[in-house]
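# Remarks on the overall topology
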Amino acid sequence: MSKMLQILVLCGNGAVTSTVVMTKLKEKLRDNNVQATYTQKRVAEGTQALQDKNYDVVVSTAGQNFAKGHDVPVLNGIPFLTGIGVDGVISQIVEIANS
Amino acid sequence: MEYFRLIMSTFGAAIILPVFIFIAELFLKIKPGKAFKSAIYIGIGLNGLISILNPYFLGAMGNAVSEMITTQGIQLPYIDTGWGVLSALSYSTTIGAAIIPVGMIVNLILIRFNLTDTLNIDIWNYWQWAFIGTLIYYQTDNYLLGITVAVLMQLICIALADIAAPKMQEFFNLPGISFPHGSMISGTLIAMILRWPMEKLGILKININSDSIQKRFGVFGDSVVVGFLIAVLIGMIAWSGQYSNLETWSNILKIGVATGSFIFLYPKATSALLEGFDVLSDRVREIVAKRSPNRQIDFGMDGALAVGHPDTITTGLITMIVAVGMIFFLPNNEFLMLADLGVTPFFLAAGTVAIMNGNIIASVITNTVSLAITFYFSTWISPVFNNIARQIGGIDVESGEALVGADIRPVAGITYFLGQNWITTVIAILVVIVIMSTVRKSPKLREFLTGYKALDN
């Protein structure tokens with residue numbers, strides 16, 4: 001059994017593309033037996049969020065500059081929007097869950 | 001059409017739109033169970049926005065704004081209750097019902113005739129085109145003109161996205177992506193106009209480190225905090241002279257908390273709406289992907305992707321504070337930007353920074369201009385919107401002297417004014433098509449507008 005992941009999902013306004021990413025993440029991770037809790041925020045709040053709480057992984061559709069100085073893995077959420085390369089991102093998260 | 005309007009105003013958007021989407025999804029061969037769930041989520045999101053959050057916020061602000069208008073004479077009647085409500089209304093009209101198939105077909109035709117490389121798969125944001133189309137339809141009672149104006153806005157968005165694409169891809173490091181997003185591309189339009197003068201004035205040469213500015217904002221970079229403070233300020237203006245009364249302070253702090261709650265919660269409601277809508281967008285994307293040609297295509301996406309760039313955030317933060325000043329000091333402004341304070345300045349900035357090559361001073365100046373234009377368009381068009389929202393029905397649009405307004409960003413406002421009659425609409429469409437094909441053939445013109453230097457020239 002893998003550990004419970006704390007996942008932070010970020011996008012430009014914390015409502016649109018992050019929702020699309022989160023809905024698909026939930027579905028795919030459930031299929032892969034990964035348990036996770038999700039937090040959704042605006043990218044402008046990203047730096048603050050990383051200071052306030054320890055996340056295991058961040059998925060962002062708006063770059064990764066907010067994570068400067070933190071060693072949390074930041075994955076690209078854009079594949080969830082285009083549909084190209086989703087499996088690669090999922091396997092990275094599964095790996096983190098099992099490590 | 002008359003009959004449809006009657007049904008719409010009787011049932012309201014929270015019922016009509018889910019039914020629309022459910023039928024459309026069955027038609028596109030989505031499994032009934034999945035379609036049903038998606039429709040329910042759309043209903044929940046809409047209900048959260050239209051029946052719970054919007055009336056709550058309007059009710060809370062109504063008193064203070066009415067008081068401010070009647071006793072202090074400060075004319076700020078049009079309250080910004082956020083884009084969520086505007087998108088919900090847009091998709092629940094007959095223009096909204098048609099915009100996805102019409103927009104897709106128009107986009108595929110443009111690609112077929114080599115007028116664009118952009119395939120806009122950001123289906124959700126088609127609402128921005130439907131919104132302006134709906135205003136024109138209700139105002140003129142001419143459905144065909146309404147749809148045509150929606151298409152005009154689509155053409156302007158795609159043309160600008162296409163012109164800016166090489167520069168955007170280079171600057172944001174997002175190959176294969178362009179931004180035909182109505183709000184973001186408004187910033188791009190203004191930036192294209194101001195880039196050349198900025199370069200001549202030498203402003204583009206001044207360098208400032210944006211990271212150091214960002215850190216100084218601290219909690220004032222949070223839109224909930226800023227929203228709270230503005231609401232408290234409005235309360236203090238509205239009830240000035242009654243400070244000795246304990247109840248006054250209770251009222252002042254209550255509208256602060258109400259505004260904070262609204263700004264925090266309305267993306268959550270929109271998120272439910274989006275979760276439902278995504279089933280439909282996914283399917284449409286699948287269908288269209290099969291029909292796109294073999295040549296290089298840029299996927300048109302939500303401007304949210306570019307908001308995370310540090311230059312965007314810095315420019316957005318500074319101009320968010322500028323916007324607060326504009327609410328009170330911009331001459332003749334009647335638009336009280338509140339719900340989207342954390343949205344509009346950032347999306348306009350996202351469209352601006354790449355064109356200004358990350359130059360913070362030029363970006364802040366440009367974004368200030370874009371915001372001023374937004375305030376004036378919102379002041380002029382909000383009365384039209386408020387009146388039409390009454391006709392569409394199903395949503396509270398007033399509380400005392402306070403009225404629900406609409407945040408109209410530059411491209412939307414320009415489209416509205418161009419769309420006033422058939423002659424200007426048709427001329428505008430032709431001009432946009434000529435611009436599309438001209439800029440594609442001229443790297444020099446593209447460089448002049450966006451600063452993009454093609455490598456092989």
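Below you will find a few notes about this structure. Computed from a predicted structure; not experimentally measured.

## Quick notes on the overall build of chain A
What chain A contains, in helices and strands, is four helices and four strands. Counted from the first residue to the last, chain A has its helices and strands arranged as β-α-β-α-β-β-α-α. At 12 Å, chain A has a C-alpha radius of gyration in line with the 13 Å of a compact globule built from 99 residues. Taking all 99 residues of chain A together, the buried fraction comes to 44%. Taking all contacts inside chain A whose residues are at least 6 apart in sequence as the whole, residues at least 24 apart take part in 61%.

## Here's the deal with the overall build of chain B
Scanning chain B from N- to C-terminus turns up 18 helices and seven strands. Against the compact-globule benchmark of 23 Å for 457 residues, chain B has a radius of gyration of 22 Å, which places it among compact chains. Dimensions of chain B along its principal axes, counting C-alpha atoms only, are 70 × 60 × 40 Å. Evaluated residue by residue, chain B yields a buried proportion of 56% over its 457 residues. Expressed as a percentage of contacts within chain B between residues at least 6 apart in sequence, the contacts between residues at least 24 apart total 81%.

## Examining the sheet that holds strand 7 (residues 402-405) of chain B
Two pairing modes exist for strands in a sheet, parallel and antiparallel, and in both the strands are linked by backbone hydrogen bonds. Residues and elements named next belong to chain B. Ordered by their spatial adjacency, four strands build an open sheet running 5-1-7-6, and the pairing between neighbours is mixed. The open sheet has two free edges, formed respectively by strand 5 (335-336) and strand 6 (398-399), since each of these has just one partner strand. Summarising the sheet, strand 1 (residues 78-80) and strand 5 pair through two bridges and their orientation is parallel. By the bridge assignment, Ile 79 is partnered in strand 5 with Leu 336.

## Quick notes on the sheet that holds strand 4 (residues 298-300) of chain B
Residue and element names in this part refer to chain B. Taken in spatial order, the three strands line up as 2-4-3 in an open sheet, and their pairing is parallel. Bordering the open sheet on either side are strand 2 (118-120) and strand 3 (177-178), each of which pairs with just one other strand. Pairing analysis gives two bridges linking strand 3 to strand 4, with the strands arranged parallel. Within strand 4, the position partnered with Ile 177 by the bridge is Phe 299.

## Re the environment of Ile 318 of chain B
All names here are of chain B. Within the secondary structure layout, Ile 318 lies in helix 13 (residues 310-329). Given 21 C-beta atoms within a 10 Å radius, Ile 318 is considered buried. When the C-alpha positions of Ile 318 and Phe 217 are compared, they lie 8.8 Å apart, and in sequence the two are 101 residues distant.

## Considering unusual backbone geometry
Residues and elements named next belong to chain B. Here the phi dihedral of Asn 114 falls at roughly 60 degrees; this positive angle occurs in a residue that is not glycine. Inspection of the secondary structure puts Asn 114 in the loop between helix 5 (94-112) and strand 2. Positive phi, close to 65 degrees, is recorded for Asn 332, a residue that is not glycine. Tracing the sequence through the fold places Asn 332 in the loop between helix 13 and strand 5.

## Some details on the packing of helix 2 (residues 13-27) of chain B against helix 3 (residues 32-72) of chain B
Residues and elements named next belong to chain B. Between helix 2 and helix 3, whose axes approach to 8 Å, the crossing angle comes to 160 degrees. With respect to their mutual orientation, helix 2 and helix 3 come out roughly antiparallel. The handedness of the crossing between helix 2 and helix 3 is right-handed. The segment helix 2 lies against helix 3, with Ala 13, Ala 14, Leu 17, Pro 18, Ile 21, Phe 22, Glu 25 and Leu 26 engaging Pro 32, Ala 35, Phe 36, Ser 38, Ala 39, Ile 40, Ile 42, Gly 43, Leu 46, Asn 47, Ile 50 and Ser 51.

## A few points about helix 1 (residues 17-31) of chain A
Taking 1.5 Å of rise per residue, 15 residues should cover 21 Å, and helix 1 of chain A covers 22 Å from first to last C-alpha, within 8% of that figure. All buried positions along helix 1 of chain A are accounted for by Thr 17, Ser 18, Thr 19, Val 20, Val 21, Met 22, Thr 23, Lys 24 and Leu 25 of chain A. As for helix 1 of chain A, its buried residues are in contact with strand 1 (5-11), strand 2 (36-42), strand 3 (57-60) and helix 3 (78-82) of chain A together with helix 11 (246-291) and helix 12 (304-307) of chain B. Following helix 1 of chain A by one or two positions, Asn 33 of chain A has its phi on the positive side, about 55 degrees.

## As for the nonpolar core
Of all hydrophobic cores here, the largest spans 182 residues; its most connected members are Ile 79, Ile 132, Ala 150 and Met 153 of chain B. Looking at this core element by element, the count peaks at 19 residues for helix 7 (residues 143-172) of chain B.

## Notes on the environment of Thr 379 of chain B
All names here are of chain B. For Thr 379, the position within the fold is in helix 15 (residues 360-392). Since 20 C-beta atoms lie within 10 Å of it, Thr 379 is described here as buried. Each C-alpha atom, one on Thr 379 and one on Tyr 138, is 19 Å from the other, the two residues being 241 residues apart in sequence. With sequence-adjacent residues up to four places away left out, Thr 379 is seen in contact with Tyr 78, Asn 332, Asn 333, Glu 334 and Phe 335.

## Some words on the interface of chain B and chain A
With 23 residues of chain B at the interface, the matching set in chain A holds 24 residues. Of all the secondary structure elements, the ones that give two or more residues to the side of chain B that touches chain A are helix 11, helix 12 and helix 13 of chain B. Counting residues per element, the side of chain B that touches chain A draws most heavily on helix 11 of chain B, which supplies seven residues. Classifying every residue of the side of chain B that touches chain A gives 12 nonpolar, six polar and five charged.

Reading guide: rules and limits
Residues numbered from 1 in each chain as written. Chains lettered and ligands numbered in written order. Predicted model: local features only at pLDDT ≥ 70, side-chain atom pairs only at ≥ 80, totals over all residues. Helix = DSSP H or I, 4+ residues; strand = E, 2+ residues; numbered from the N terminus. Rg over C-alpha atoms; globule rule 2.2 N^0.38 Å. Buried ≥ 20, exposed ≤ 12 C-beta atoms within 10 Å, placed from the backbone. Contact = placed C-beta atoms within 7 Å. Pairing = 2+ DSSP bridges. Axes fitted to C-alpha atoms, helices over the stretch in contact; angles between N-to-C directions. Parallel < 35°, antiparallel > 145°, perpendicular 65-115°, else oblique. Left-handed = near helix turned anticlockwise from the far one by under 90°. Expected span 1.5 Å × (residues − 1). Core = buried A, V, L, I, M, F, W, Y, C linked by C-beta atoms within 7 Å. Nonpolar A, V, L, I, M, F, W, Y, C, P; charged D, E, K, R; others polar.

All we've got here are geometric facts, nothing functional implied.
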